[in-house]
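What follows is each chain in one-letter form.
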Amino acid sequence: MSVWDELPGQEHAVAQLSRAVEGGNPTHAWLFTGPPGSGRSNAARAFAAALQCDAGTGCGTCKNCRLVAASSHPDVAMVTTENVTYAIADVRELIAKAQARPSGGRWRIIIMEDADRMAERTTNVLLKAIEEPPPHTIWILCAPSPADVLVTIRSRCRPVSLRVPSREAVADLLVRRDHLTAEQAEFAARISQSHIGVARRLARSEEARLRRDTTVKLPLRLRSVSDAVRAAGEIVEISTTEASSSAQERADAETAALRETLGLEPDAVVPPQLRSQFKQVEESAKRRARRGISDSLDRSLIDLTTVYRDVLVIQLGAETELVNDYLGEPLRAYAARGTPTDTLGRIDLISRARQRIAANVTPLIAMEALMAGLIPRRS
């Protein structure tokens, strides 16, 4: 199985990247862009694997391809931030790493996920490293669109544009790679709107499916302000519980690994001179939880948008399949109580709520305001 098989529906991008690999002298800086669900990180990883591949093609089976796929290759760094934005210190550390020669592979490759999370002053720190990298270093930046990266950076990168794959392509990947039934794969691909990562999570986790089901049914039971307050609290609680649990699990694993490295028994008291290292693990867990809550809420708001998208489809009589077709009857009843103008207004409210949460407005306040705005008007 080739590394390119992980990129359904991206034939144009795969052809472009394959030519760069076969040429043997790829551009030193790349910018992978595409909407959420297009597989930017997967594409960057596949490209890195192909560049390091023993066969020079991205065979997917050699040692280097397997190491990159497992995020274990010593010369390939997959970097993401657990903060709202990248810290300057983190970027400087990456620049220092980029100066080192490869330890065994052909290239030293730095992949920056969410490059749009760099503030302008942080981007300026990175600029010189991208302008004049060592001959053995390749930078790959990932962002939703070229406009999300400063022009000084994107003008120095070769662009690769990705698109959201078709539902059929995602379903086929889930059947081939994750061994789902055709029915399971089609359902996951549809309700995720062809977002590969979300589709895999929904297909594998009943808990994730139940959380989404709870979220998309919330608008259907809004009747009063008290309903809105309860719904807001419910959606924030779902997101907080999920993010906090995930962050704590990782923190526990990191703490256990740190104890083992330092030779401390699981229940031993941490000596004063070592407490700062454990404190760093705790602070990292808090940052992950905060970002996790924001990301989880954003995903929930995207799921809510699919409800109103379906309602609009029904109201306009469009011959388009519903994303949430298993809720067909309740959605038709809801659609009959409003107008397309009402529905477009509610979609706009959801968009504004996403912007507020991204701007660090308290999640509960943002969600209460949203839910109040989603209450149907009395006819």
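Values in this document were obtained by computation on a predicted structure and should not be read as measured data.

Q: Kindly report on the overall build of the protein chain, identifying the contributing residues and their values.
A: Within the protein chain one finds 15 helices and five strands. Radius of gyration (C-alpha) of the protein chain: 23 Å, near the 21 Å computed for a compact globule of 379 residues. Across its three principal axes, the protein chain shows a C-alpha extent of roughly 70 × 55 × 40 Å. Evaluated residue by residue, the protein chain yields a buried proportion of 46% over its 379 residues.

Q: Now, about the nonpolar core: what can you tell me, with residues and values included?
A: Formed by 32 residues in total, the largest nonpolar core has its most connected members in Ile235, Leu301, Leu304, Leu331, Met367, Leu370 and Met371. Broken down by element, this core gets its largest block of residues, eight residues, from helix H12 (residues 275-316). Aside from chain neighbours lying at most four places away, what touches Leu331 is Leu220, Val307, Asp310, Val311, Ile314, Leu322 and Asn324. Core analysis: the second largest hydrophobic core is formed by 31 residues, Trp30, Phe32, Ala48 and Ile138 among them.

Q: Go over unusual backbone geometry with me, naming the residues and quoting the values.
A: At Ser71, a position not held by glycine, the phi torsion is positive, near 55 degrees. Inspection of the secondary structure assignment puts Ser71 in the loop between helix H3 (63-69) and strand E2 (76-79). Residue classification places Ser71 among the partly exposed residues on the basis of a relative accessible area of 48%. Located in the positive-phi region is Ser194, a residue other than glycine, with phi close to 70 degrees. In this fold, Ser194 is placed in the loop between helix H8 (182-191) and helix H9 (196-204).

What counts as what
- Residues numbered from 1 in each chain as written.
- Predicted model: local features only at pLDDT ≥ 70, side-chain atom pairs only at ≥ 80, totals over all residues.
- Heavy atoms only, no water.
- Helix = DSSP H or I, 4+ residues; strand = E, 2+ residues; numbered from the N terminus.
- Rg over C-alpha atoms; globule rule 2.2 N^0.38 Å.
- Buried < 20%, exposed > 50% of the residue type's maximum accessible area, 1.4 Å probe, protein only.
- Core = buried A, V, L, I, M, F, W, Y, C linked by side-chain atoms within 4.5 Å.
- Contact = heavy atoms within 4.5 Å.

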